[in-house]
Amino acid sequence: MATASAVTVCYSSECLKIKSGSTMSFRARLIKWGIALWPPLLGAGVKVEQLDSDFSYTRVRMKLRWYNRNYMGVHFGGSLYAMTDPFYVLMLAESLGKDFVVWDKSATIEYIKPGESTVWAEFTLPQGFLEKVHQKTRDGSKFLPEFDVFIKNAEGEVVARVRRTLYIRRKQKAVSLLADDKKADTAV
């Protein structure tokens, strides 16, 4: 990933960190546009603020609106959960390519305090994570990594924590090709 300086842009009481000098790839732009129109996120008011071209980082936000409030006047829990749903699967599926199956296996949410204002969440693939996936799945084994997503309010206070467990496995054809390559390497 190329190094780029970061610029903080503020409007109203919200601030965004934007990488200057980086350009979003056409694929990332297309996916960001598609997410904006995907009914579960569109209906909840979830917006993607940043999606890095290499799919290693995503930031989303959700304003408190009349259509995503619960009976108590704060963010509806289902909307908070939904704002974390597709992103790690999407980021990993795009990063790993068509030789892998990536699914959500499970998720739990812990509500910590009421969401009374705009909330946001960040999704980051740690340095070296893709190499770890390749290593753990080389023989066709499944890999079940866990990610904690912290949903925060405008003041940076944690509103909810979502623990997501993913299911990652190489497709059988990819495992067979790796085995054939290994046999060819040992024959030489």
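Residues numbered from 1 in each chain as written. Predicted model: local features only at pLDDT ≥ 70, side-chain atom pairs only at ≥ 80, totals over all residues. Heavy atoms only, no water.

Enquirer: Mind showing me how you'd approach the nonpolar core here?
Expert: Across soluble globular proteins, you tend to see nonpolar side chains buried next to one another. One finds Val60, Met83, Phe87, Leu92, Phe123, Ile151 and Ile168 to be the most contacted residues of the largest nonpolar core, which totals 37 residues. If you tally residues by element for this core, the top one is helix H4 (residues 87–96), at 6 residues. Contacts of Leu92, omitting those with residues within four sequence positions, involve Gly97, Val102, Leu125, Phe129, Leu130, Phe147, Leu166 and Ile168. (Core = buried A, V, L, I, M, F, W, Y, C linked by side-chain atoms within 4.5 Å. Buried < 20%, exposed > 50% of the residue type's maximum accessible area, 1.4 Å probe, protein only. Helix = DSSP H or I, 4+ residues; strand = E, 2+ residues; numbered from the N terminus. Contact = heavy atoms within 4.5 Å.)

Enquirer: Sorry, what's going on with helix H1 (residues 26–37) here?
Expert: Taking 1.5 Å of rise per residue, 12 residues should cover 16 Å, and H1 covers 17 Å from first to last C-alpha, within 8% of that figure. Considered for burial, the residues of H1 that qualify are Ala28, Ile31 and Ile35. With its buried residues spanning 65° around the axis, H1 presents them on a single face. For H1, exposure combined with an orientation more than 90 degrees from the buried face picks out Phe26 and Trp33. Where H1 is buried, its residues meet helix H2 (39–44), strand E3 (46–51) and H4. (Expected span 1.5 Å × (residues − 1). Arc of directions from axis to C-beta.)

Enquirer: In this structure, what is going on with the packing of aromatic side chains? I would like to understand it.
Expert: Working definition: an aromatic ring pair is given by the centre-to-centre distance plus the angle between the planes. Evaluation of the coordinates by the stated rule reveals 6 aromatic pairs. Both rings, one in Phe87 and one in Phe123, keep their centres 5.1 Å apart while their planes meet at 35°; by these two values the pair is tilted. Residue Phe87 is located in helix H4, and its partner Phe123 is located in strand E6 (residues 119–124); the two are separated by 36 residues in the primary sequence. Look at Phe87 and you get buried, because its relative accessible area is 0%. Relative accessible area serves as the criterion here: at 0%, Phe123 is assigned to the buried category. With a centroid separation of 6.1 Å and an interplanar angle of 35°, the aromatic rings of Phe129 and Phe143 are classed as tilted. Taken together, the positions of Phe129 in helix H5 (residues 129–137) and Phe143 in the loop between H5 and strand E7 (146–153) put the pair 14 residues apart, joining distant regions of the chain. Across this residue pair, the class does not change: Phe129 and Phe143 are buried. Positioned above the aromatic ring of Tyr81 is the side chain of Arg164, whose terminal nitrogen or guanidinium carbon lies 5.5 Å from the ring centre. (Phe/Tyr/Trp six-rings, centres within 6.5 Å; stacked < 30°, edge-to-face > 60°. Lys NZ or Arg CZ within 6 Å of the ring centre and 35° of its normal.)

Enquirer: Help me understand the pattern of salt bridges in this model?
Expert: Note on pairing: side chains with opposite charge can pair once their charged atoms come close. The full count for this structure, using the stated rule, is 11 salt bridges. Here Glu49 makes a salt bridge to Arg59, at a shortest N to O gap of 2.6 Å. Taken together, the residues span a long stretch of sequence, with Glu49 in strand E3 and Arg59 in strand E4 (residues 57–62) at a distance of 10 residues. A relative accessible area of 12% places Arg59 in the buried class. The shortest N-O distance in the salt bridge between Arg164 and Asp85 comes to 2.9 Å. On the criterion of sequence distance, the pair formed by Arg164 in strand E8 (residues 158–170) and Asp85 in the loop between helix H3 (77–82) and H4 is long-range, its members being 79 residues apart. A single salt-bridge network, built from bridges that share partners, covers Glu110, Glu146, Asp148, Arg161 and Arg163. (Salt bridge = Lys/Arg side-chain N within 4 Å of Asp/Glu carboxyl O.)

Enquirer: Honestly, unusual backbone geometry in this entry has me stumped. Any pointers?
Expert: Note on backbone geometry: most residues besides glycine have negative phi, and most peptide bonds are trans. A positive phi angle, near 60°, is found at Phe55, a position not held by glycine. Along the polypeptide, Phe55 turns up in the loop between E3 and E4. For Phe55, a relative accessible area of 6% corresponds to the buried category.

Enquirer: Hey, could you run me through the confidence of the model for the chain in this one?
Expert: Interpretation of the predicted coordinates at a detailed level should be avoided for regions scoring low in pLDDT. Chain-level pLDDT for the chain is 85 on average; 79% of the residues reach the 70-or-more range. Segment residues 1–22: pLDDT under 50, and 37 contacts once partners within four positions in sequence are set aside and those in other chains are kept. (pLDDT = per-residue confidence, 0-100.)

Enquirer: When you look at the environment of Trp103 in this model, what are you seeing that I'm missing?
Expert: By the secondary structure assignment, Trp103 is in strand E5 (residues 100–111). A relative accessible area of 56% means that Trp103 is categorised as exposed. In this structure, the C-alpha to C-alpha distance between Trp103 and Tyr88, residues 15 residues apart in sequence, is 9.2 Å. Beyond its immediate chain neighbours, meaning those up to four positions away, Trp103 contacts Val89, Leu166 and Tyr167.

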